Amino acid sequence: MTVFPKIILSLLAVLAAAGGHGLDRKLDKALRTEMKCVRTLVCKADSAGRLPRTTDPSGNLVLVGPHDWTSGFFPGILWELYGLTGDSTYRSQARKFTGMLYSVPEMKNTHDLGFMVFCSYGHQYAADRDEESKKAIIKAAESLYSRYDEKIGLIRSWDFGKWNYPVIIDNMMNLELLFEASEITRDFKYRQIAIDHADNTMRNHFREDFSSWHVVSYNSDGSIESKGTHQGYSDGSVWARGQAWGLYGYTLCYRYTRDPKYLSQARAIADFIISDPRIPSDHIPYWDYCAPDIPDAPRDVSAAAITASALLELCGYCPKDAGGRYREYSCSILASLCSPKYLSKPGRNAGFLLGHSTGNLPGGVEIDVPLVYADYYFLEAIGR
């Protein structure tokens, strides 16, 4: 039987005291539920030699190969469970599924290496300080470096579509891998392109109210070709997960650089999210803040989980009043995610913990379903 270490019980008590939502009981129940749920996913994924991503419209588990952009999240979930419980079973499972991604760091045709490699090998390196993980992180950073254009000053996101040089707000999430690679190697070229990318994204991706465009495309001389969306409701709308990516990305930039402009940016994005009247009272956003069918629009639990995790880090960098506000909002999100409306029972949702996420509504895929990265960031928030 898995036993929670005293440090975890203390953490839950702190969260409960901060949020006033009875989170000690709710998060204890959520963690115990996840331990039961993950057994189902491990069994199915192991037998198929693939990794969980979501469910299909019939509720069947969708498994993907190691080159899918979500491939790092399931190993990451197992690493998070190992960190939360100290149970070595999770460590061995995490190492096994991380090992399935051995070829991913070599990929130069994707910007998603932060998700794929850092959520898997990054956790493994933090736990074991092993040479395999170290090499994977460095190689992935080199692959990302190959996607950087010095004249434009940004890392290219996609190699498809109508755009000349598209950069999506999601790309902020890859900077953690670059910062870490610089710390490992003491080669500051990775850190420099991360800073360049963060600065130019800050300059061009945000409106005056600190809402974000999803896609900004650049001409070859670095001038802006277009600003718009691919997964949001409209070019001028606010795609919920994009806001969460931006908040998380600038918070981690401050962690690595201690540059106050990144803290200011993260706080401005957080304040926009917290004060926006279009977010429901339970703080689980609609998939797009401007969706035309609110209040009947699908929610995006993944955006809420990412936001909760980011705010729990951000609050530690802020003065007491602001930090308390961010902590309280995050605790409110976590309390909502622990409710029967969003939290699955063991045996439901094909083994995922949280339901009601939205992947790409305009594309007609992954609408009101569980998503592996929602579970990952929820567990990360508990750990934080």
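Bear in mind that the values here come from a model prediction, so they are computed numbers and not experimental data.

Q: It is not clear to me how the environment of Leu361 should be interpreted in this structure. Could you clarify?
A: Position of Leu361 relative to the elements: it lies in the loop between strand S8 (357-360) and strand S9 (365-369). Look at Leu361 and you get partly exposed, because its relative accessible area is 25%. Expressed as a C-alpha distance, the spacing of Leu361 and Pro298, which sit 63 residues apart in the sequence, is 8.9 Å. Once residues lying within four places of it in the same chain are set aside, the contact partners of Leu361 are Trp287, Pro298 and Ile367.

Q: What exactly am I supposed to notice about the nonpolar core here?
A: The tendency in soluble globular proteins is for nonpolar side chains to be buried side by side. Core analysis: the biggest nonpolar cluster contains 120 residues, and Phe74, Leu175, Tyr377 and Phe378 have the highest contact counts within it. Formed by seven residues, the second largest nonpolar core is a distinct cluster that contains Ile152, Tyr165, Val167 and Trp213.

Q: Got a minute to help me understand the pairing of strand S7 (residues 224-228) in this structure?
A: Two strands pair when backbone bridges link them, and strand S6 (residues 215-218) and S7 are joined in this way by four bridges, in the antiparallel orientation. Within S7, the position partnered with Val215 by the bridge is Gly228.

Q: How should unusual backbone geometry be read in this particular structure?
A: Among all residues except glycine, the phi angle is most often negative; among peptide bonds, the trans geometry is most common. Residue Pro295 is reached from Ile294 by a cis peptide bond, and omega for that bond is 15 degrees. You can see Pro295 is positioned in the loop between helix H10 (260-275) and helix H11 (301-314). The phi dihedral of Asn349 is positive, around 55 degrees, even though this residue is not glycine. Among the structural elements, Asn349 can be located in the loop between helix H12 (320-337) and S8. Phi angles above zero are rare outside glycine, and Asp368 is one such case at about 60 degrees.

Q: Is there a simple way to think about the sheet that holds strand S5 (residues 166-168) in this case?
A: Strand pairing in a sheet is mediated by backbone hydrogen bonds. Such pairs are either parallel or antiparallel. Read from one edge of the open sheet, three strands run S5-S6-S7, paired in antiparallel fashion. Two strands close off the open sheet at either side, each with one partner strand: S5 and S7. Pairs of neighbouring strands in the sheet enclose a mean axial angle of 20 degrees, with direction left out of account. With respect to the sheet, helix H8 (residues 189-204) is in contact with S5, S6 and S7, its orientation differing from that of S6 by roughly 105 degrees.

Q: Any chance you could explain the pairing of S8 here in plain terms?
A: In regular strands, side chains alternate between the two faces of the sheet. Bridge analysis of S8 against S9 gives three bridges, and the strand direction is antiparallel. Following the sheet pairing, Asn360 is matched in S9 by Val365.

Q: I tried to follow the pattern of salt bridges on my own but got confused; where do I start?
A: Opposite charge on two side chains permits them to pair, given that their charged atoms come into close proximity. On inspection of all chains with the given rule, the structure shows 23 salt bridges. The salt bridge partner of Arg241 is Asp300, with a shortest N-O separation of 3.2 Å. Here the residue Arg241 occupies a position in helix H9 (residues 240-257), and Asp300 occupies one in the loop between H10 and H11, the gap between them amounting to 59 residues. Looking at Asp300, the relative accessible area reads 0%, which means it is buried. Among the ionic pairs, Asp282 bridges to Lys341, the shortest N-O distance being 4.0 Å. Pair noted here: Asp282 is in the loop between H10 and H11 and Lys341 is in the loop between H12 and S8, with a separation of 59 residues, a long-range link.

Q: Teacher, can you tell me more about the confidence of the model for the protein here?
A: As a note on interpretation, predicted positions should not be read in detail where pLDDT is low. In the predicted model, the protein carries a mean pLDDT of 94, and the fraction of residues at 70 or more is 95%. Here residues 1-19 scores under 50 on pLDDT; set against residues more than four positions off or in separate chains, the count is 36 contacts.

Calculation notes
Residues numbered from 1 in each chain as written. Predicted model: local features only at pLDDT ≥ 70, side-chain atom pairs only at ≥ 80, totals over all residues. Heavy atoms only, no water. Helix = DSSP H or I, 4+ residues; strand = E, 2+ residues; numbered from the N terminus. Buried < 20%, exposed > 50% of the residue type's maximum accessible area, 1.4 Å probe, protein only. Contact = heavy atoms within 4.5 Å. Core = buried A, V, L, I, M, F, W, Y, C linked by side-chain atoms within 4.5 Å. Pairing = 2+ DSSP bridges. Axes fitted to C-alpha atoms, helices over the stretch in contact; angles between N-to-C directions. Salt bridge = Lys/Arg side-chain N within 4 Å of Asp/Glu carboxyl O. pLDDT = per-residue confidence, 0-100.

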